[in-house]
Amino acid sequence: MSVEDISVADATDRARVDRLRAAIHMILITVGPVIAALALGGLILIALNVNPLEYYAYTLRRGLFSPTGLQATLTRMGPLLLIAASLIVAFRAGIWNLGGDGQFLLGAVIVAASAPLMTAFMPVWLVLALCMVMGAALGALWSVVPALLRAYHGVNEIITTLMMSFLGVSLANVLVKLAFLDPSTTTPQTRTLPVDDRLPRLFGTTTSSGLIIGLVTIIIVHLMMTRTAFGLKLRVVGANAKAAVHAGLHVPLLTVAVFAISAALTGLAGAVDILGTQGNVRADWNPAYSLMVVPLVFLARFNGFGTIAFVFLFSVLSIGGESAARKLGVPNYFSLVVVAILLIVFGLTEYLEQRRQTIARK
Amino acid sequence: MASSSAPRVAAAGPVVSLRNVTKRFPGVVANDRVTIDIMPGEVHVLLGENGAGKSTLVGMLSGLQKPDEGEIVIDGMPVDISSPRQALDLGIGTVFQHSMLVPSLSLVDNFALGGAWWRRPDREGLARRIGEQATSIGIRIDPFALAGDLSLGEQQQVEIVRALMRGTRCLILDEATAMLTPRDAEQLGELMRRLVKRGIAIVFITHKLNEALAYGDRISVLRLGRNAGALGPEALAAADNHDAMAEVVRMMFGSAASEHTRGERRPLPAASELRTVLEATNLSVDDKSVPLSAISFAVGAGEIFGIAGIDGNGQKQLAEVLAGQRPIAGGQIALNGADIGRMTVGERRNRGLRYVTDDRLGEGTVAAFPVSTNLLLKQIGDVRFWTRGLERPAAIADHARKHVSEYDVRTPGIETPVGKLSGGNIQKVVLARELSGSAEAVIFSKPTYGLDVQNIRTSRRRIQEAADFGRAVLLISTDLEEILELADRIAVISQGKLVGTIANDSEARQKVGEMMSGIAQ
């Protein structure tokens, strides 16, 4: 800190230059790793005897630059954004809710089982609204055990949520095969919600309005965590639980609230995926979105807007990657490999960045 | 493994000598030209208050820290002890207050831990050698018992055996009796006497004077990092116990006449005329390490009530139960006559009870959060700064700027994460948060712990001012100088009980010293 007097104009000038430099720096350490990760992924593709340029070009064409691909990408973003919102609430509050897959599937199954039956005696908008509430409620319900164990007995929630997730995925399958089976088909699946009764599409495209639900939710969650007293309390608990006790916050109650909100959002994601895209749940269906979104949320450092960008990138890669897989024989999950490399490169960048700062301080 | 053949007293010279050793930490001189000779066949007791520099001395002998100046001489040769392993190789073994054994492993496996990783430990042979070593010093150990099943006293015996098996000639027992039951402490004392008969040198660090006199051959006293005096074997043998104790207390706490440095205070009305603000009646708290029982005191408006005592005697528990961070087991806490013993932290704060914690970064602040947020950490959701739960950035920033300038917090900005500030400035942030607004009673827990001289002075001035504004101040501190400087009345806490309350007059130093050392009850 300089103690000497500097004129106000100088100060503002310097502040502006500093801000600009900080912005450029920010872009460099955000975009740089993405390019590096794509390059490293390219090396792996070369090892697989696939031309990386061809793969990336095809992926981009099918995921981003073709109308149907882009619409599929945007539709896929809806549930992913809701899951990301769920994770942001949990992670910022220091709760590692990794049981999203179970919460997602249970929300999806209950909606897939009820929606086609409810349409018989209810207007569509009411069915959609009720189904979303049901999905959220079931997701939240599935987090009660880990929440109480964590809040009142300090049991590590990573273990309990993962365990509950296995149970939840299995239970969802059992429900599809035994309880909610569609009698009119031979494949084991639930009844199918007619396309007309699904979430409305946007502007005459095939993009589901689930995208809007996801975008609105994640922005609300971001603002809640960064701008409200409630969000600040959750962040205090997450950053330093002892300080939260010292400050008089009711840590167990807040912990339960975090679990409820987080799991409800994941359950909602399941509901939106069914109501907007899938229409039914086939037996043994498990897209495992929730664990895929975890690295994206980390990459964005729990920032809602950053997460939107990463979810978009990931959706492009995964939609395009699915087509590229069929065309070029690269496994479907190669998009996950790219995300994993990206995560590692970001980790390295952060490490180097911190070293640079400590050296600069000295 | 120079084990069963006990080292003989070869030469009369010291085993280990410290010569003018100085060790500095940022802002403090922990050891200032300390000179001590450790003779074979003697129990050398090291006495001193918290912060007198004993731990630093042990740290340098056991290879955890290196002296800045001066030298450590072993067998007449200056040595450089750069690691704990090297200290062991030089024959210096340390047994710390807390057990260093792995509780889930058997003793044999604990002993085998330092061995080469590719070699299968010879458990039978090792067990035999442990048994022999233990028998030779007159204790019994089952080498296949789990370390965690042993009492603390037994674990220490095991660690002594381990140190001897590694060829230790100079054994350091760092506050070894602090956690022991009286019976275990007595056994340890007897063991020490047996060991020195075999020519081993023992450095015994304790707070308890009666132990020092019962087991020690020689006593050195440290005070504020310097040699404050020593009693040799002749002097100890000649003086009767009571004289020796008085002499040691004088060395430890300074002479009453020369150093009584109580600040300028306005005269307080007699205790009976003060309006009682904070009162504890027969308070008790359950705790695994130090339960509190039968704690009663009253602090009046404008009074500073000091609680002195050696660290770890229930200070933390007392502060936390008063602030509402831990449940009360019995008794009452009253603030301005109203029972607050079962209220939440927030309700107590609203009634004017404030708590300045000693754990500034651990619980007092959230390191990664900005200064502005930390200043409001206990008021999240307050309508002045959050409208219907939505933050008002301008109000929060105004509040922060006001407090930063009022309390002279040196920070690059109010958005700077508090963890980036120095300890003194973090303390200022905490003080600003706790002392502003309508405080009625303030609990200070070790308010100057770990601060530099400048910030110690600032913090003490704030404590003084709080009392001058008519607040009831409870000053819990392990620094006796601080209590003597600030307090109107002084109580001593020992093993979860208050062992007496006295006025801070000219004899306070002697009396408190005696109560802290376990002489007077």
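Predicted model only: the values in this text are computed from it and were never measured.

How each quantity is defined
Residues numbered from 1 in each chain as written. Chains lettered and ligands numbered in written order. Predicted model: local features only at pLDDT ≥ 70, side-chain atom pairs only at ≥ 80, totals over all residues. Helix = DSSP H or I, 4+ residues; strand = E, 2+ residues; numbered from the N terminus. Rg over C-alpha atoms; globule rule 2.2 N^0.38 Å. Buried ≥ 20, exposed ≤ 12 C-beta atoms within 10 Å, placed from the backbone. Contact = placed C-beta atoms within 7 Å. Nonpolar A, V, L, I, M, F, W, Y, C, P; charged D, E, K, R; others polar. Domains from an automatic or database assignment. pLDDT = per-residue confidence, 0-100. Pairing = 2+ DSSP bridges. Axes fitted to C-alpha atoms, helices over the stretch in contact; angles between N-to-C directions. Parallel < 35°, antiparallel > 145°, perpendicular 65-115°, else oblique. Left-handed = near helix turned anticlockwise from the far one by under 90°. Expected span 1.5 Å × (residues − 1).

Novice: What am I meant to see in the overall build of chain B here?
Specialist: A count of helices and strands for chain B gives 19 helices and 22 strands. The C-alpha atoms of chain B give a radius of gyration of 26 Å, which matches the 24 Å a tight globule of 521 residues would have. Looking at chain B as a whole, 47% of its 521 residues qualify as buried.

Novice: Honestly, the overall build of chain A in this entry has me stumped. Any pointers?
Specialist: A tally of helices and strands in chain A yields 14 helices and zero strands. From first element to last, N terminus to C terminus, chain A shows the α and β order α-α-α-α-α-α-α-α-α-α-α-α-α-α. Taken over C-alpha atoms, the radius of gyration comes to 23 Å for chain A, in line with the 21 Å a tight globule of 362 residues would show. With 362 residues in all, chain A has 47% of them scored as buried. In chain A, of all internal contacts separated by at least 6 residues, the share reaching a separation of at least 24 is 79%.

Novice: Where do I start with the interface of chain B and chain A in this structure?
Specialist: Interface size is commonly expressed as the accessible area that is lost once the parts come together. The interface is formed by 22 residues belonging to chain B together with 16 residues belonging to chain A. Of all the secondary structure elements, the ones that give two or more residues to the side of chain B that touches chain A are helix 12 (345-350), helix 13 (360-364) and strand 18 (390-391) of chain B. A breakdown of the residues in the side of chain B that touches chain A according to their chemical character gives nine nonpolar, nine polar and four charged.

Novice: It is not clear to me how the domain arrangement of chain B should be interpreted in this structure. Could you clarify?
Specialist: Residues and elements named next belong to chain B. Domain annotation of chain B identifies domain 1 (16-255) and domain 2 (272-516). Between the C-alpha centres of domain 1 and domain 2 there is a distance of 35 Å. Residue contributions to the side of domain 1 that touches domain 2 peak at three residues, all from helix 9 (residues 241-253). Of the residues that constitute the side of domain 1 that touches domain 2, the class distribution is four nonpolar, five polar and one charged.

Novice: Which parts of the structure should I look at to understand the confidence of the model for chain A?
Specialist: Interpreting fine coordinate detail is not advised for predicted regions of low pLDDT. Looking at chain A, the pLDDT average stands at 88 and 96% of residues meet or exceed 70. When the criterion is pLDDT under 50, residues 1-5 of chain A qualifies, and its contacts beyond four places in sequence or with other chains add up to one contact.

Novice: What exactly am I supposed to notice about the sheet that holds strand 7 (residues 170-174) of chain B here?
Specialist: Note: strands within a sheet are paired through backbone hydrogen bonds, in either parallel or antiparallel orientation. All names here are of chain B. Pairing is mixed in the open sheet, where six strands are placed in the order 6-7-8-3-9-10. At either end of the open sheet lies a strand with only one pairing partner, and these are strand 6 (92-95) and strand 10 (226-231). Direction aside, neighbouring strands of the sheet carry axes that sit 20° apart on average. Relative to strand 7, strand 6 runs parallel, the two sharing four bridges. From the neighbouring strand, Thr94 faces strand 7, where its bridge partner is Ile172.

Novice: Would you mind going over the packing of helix 6 (residues 144-153) of chain A against helix 11 (residues 251-278) of chain A with me for this structure?
Specialist: Geometry of a packed helix pair, given as the angle between the helix axes and the separation of the axes. Residues and elements named next belong to chain A. Two elements in contact, helix 6 and helix 11, have axes separated by 9 Å at closest approach and are oriented at 160°. One way to sum up the angle between helix 6 and helix 11 is to call them roughly antiparallel. Judged by the twist between their axes, the crossing of helix 6 over helix 11 is right-handed. Packed against helix 6, whose contacting residues are Pro146, Ala147, Arg150, Ala151 and Tyr152, the element helix 11 presents Pro252, Thr255, Val256, Phe259 and Ala260 at the interface. Grouping the constituent residues of the contact of helix 6 with helix 11 by class yields eight nonpolar, one polar and one charged.

Novice: Looking at this structure, I do not really get unusual backbone geometry. What am I missing?
Specialist: With glycine set apart, most residues show a phi of negative sign, and most peptide bonds adopt trans. In this structure, Arg301 of chain A takes a positive phi of about 50° despite not being glycine. If you trace the backbone, Arg301 of chain A turns up in the loop between helix 12 (289-299) and helix 13 (304-328). By C-beta crowding, Arg301 of chain A is classed as exposed, having 11 other C-beta atoms within 10 Å. A positive phi angle, near 50°, is found at Asn20 of chain B, a position not held by glycine.

Novice: What is the right way to read the pairing of strand 22 (residues 497-503) of chain B from this model?
Specialist: Each regular strand shows side chains that alternate between the opposite faces of the sheet. Residues and elements named next belong to chain B. Relative to strand 22, strand 21 (residues 489-494) runs antiparallel, the two sharing five bridges. What sits directly across from Ile493, in strand 22, is Leu498. Linking two consecutive strands that pair antiparallel, namely strand 21 and strand 22, is a turn of two residues; a positive phi of about 50° is found at Gln495 within it.

Novice: Looking at this model, I keep getting lost on the confidence of the model for chain B. Mind explaining?
Specialist: All names here are of chain B. For chain B, per-residue confidence averages 85 on the pLDDT scale, and 93% of positions sit at 70 or higher. For the stretch residues 1-10, pLDDT sits under 50, and the model shows 18 contacts to residues farther than four places along the chain or on other chains. Contacts of residues 256-261 to residues separated by more than four positions or lying in other chains number nine contacts, the stretch itself having pLDDT below 50. For this predicted complex, the interface score ipTM comes out at 0.80, alongside a pTM of 0.76.

Novice: Can you help me understand the packing of helix 8 (residues 210-227) of chain A against helix 9 (residues 229-239) of chain A in this one?
Specialist: All names here are of chain A. Viewed as axis vectors pointing N to C, helix 8 and helix 9 meet at an angle of 75°, and their least axial separation amounts to 5 Å. Between helix 8 and helix 9, the interaxial angle falls into the category roughly perpendicular. Of helix 9, the residues touching helix 8 (which contributes Met224, Met225, Thr226 and Arg227) are Phe230, Gly231, Leu234 and Arg235. In terms of residue class, the contact of helix 8 with helix 9 is made up of four nonpolar, two polar and two charged.

Novice: Whenever I open this one, the sheet that holds strand 12 (residues 292-300) of chain B confuses me. Can you help?
Specialist: All names here are of chain B. Taking strand neighbours across the sheet as the criterion, the four strands line up as 12-11-14-15 in an open arrangement whose pairing is antiparallel. Each edge of the open sheet is held by one strand with a lone partner, namely strand 12 and strand 15 (338-339). Here strand 11 (residues 276-285) pairs with strand 14 (residues 330-335) via five bridges, running antiparallel. By the bridge assignment for strand 14, Ser284 is matched with Gly330.

Novice: Explanation requested: the environment of Leu40 of chain A in the structure shown.
Specialist: By the element assignment, Leu40 of chain A lies in helix 1 (residues 8-47). It is 55 Å that separates the C-alpha atoms of Leu40 of chain A and Phe121 of chain A, two residues lying 81 residues apart in sequence.

Novice: Help me understand helix 16 (residues 423-435) of chain B, please; the structure alone is not making it clear to me.
Specialist: Each turn of an α-helix holds 3.6 residues, which means side chains three or four residues apart point in the same direction. Residues and elements named next belong to chain B. The terminal C-alpha atoms of helix 16, which comprises 13 residues, lie 18 Å apart, in line with the 18 Å expected from a rise of 1.5 Å per residue. Burial of helix 16 is extensive: twelve of the 13 residues sit out of reach of the surface. Buried residues of helix 16: Gly424, Asn425, Ile426, Gln427, Lys428, Val429, Val430, Leu431, Ala432, Arg433, Glu434 and Leu435, and no others. Residues of helix 16 that are buried sit in contact with strand 16 (353-356), helix 13, helix 14 (371-375), helix 15 (393-406), strand 19 (441-445) and helix 17 (453-468). Gly437 sits one or two residues past helix 16 and shows a positive phi near 80°.

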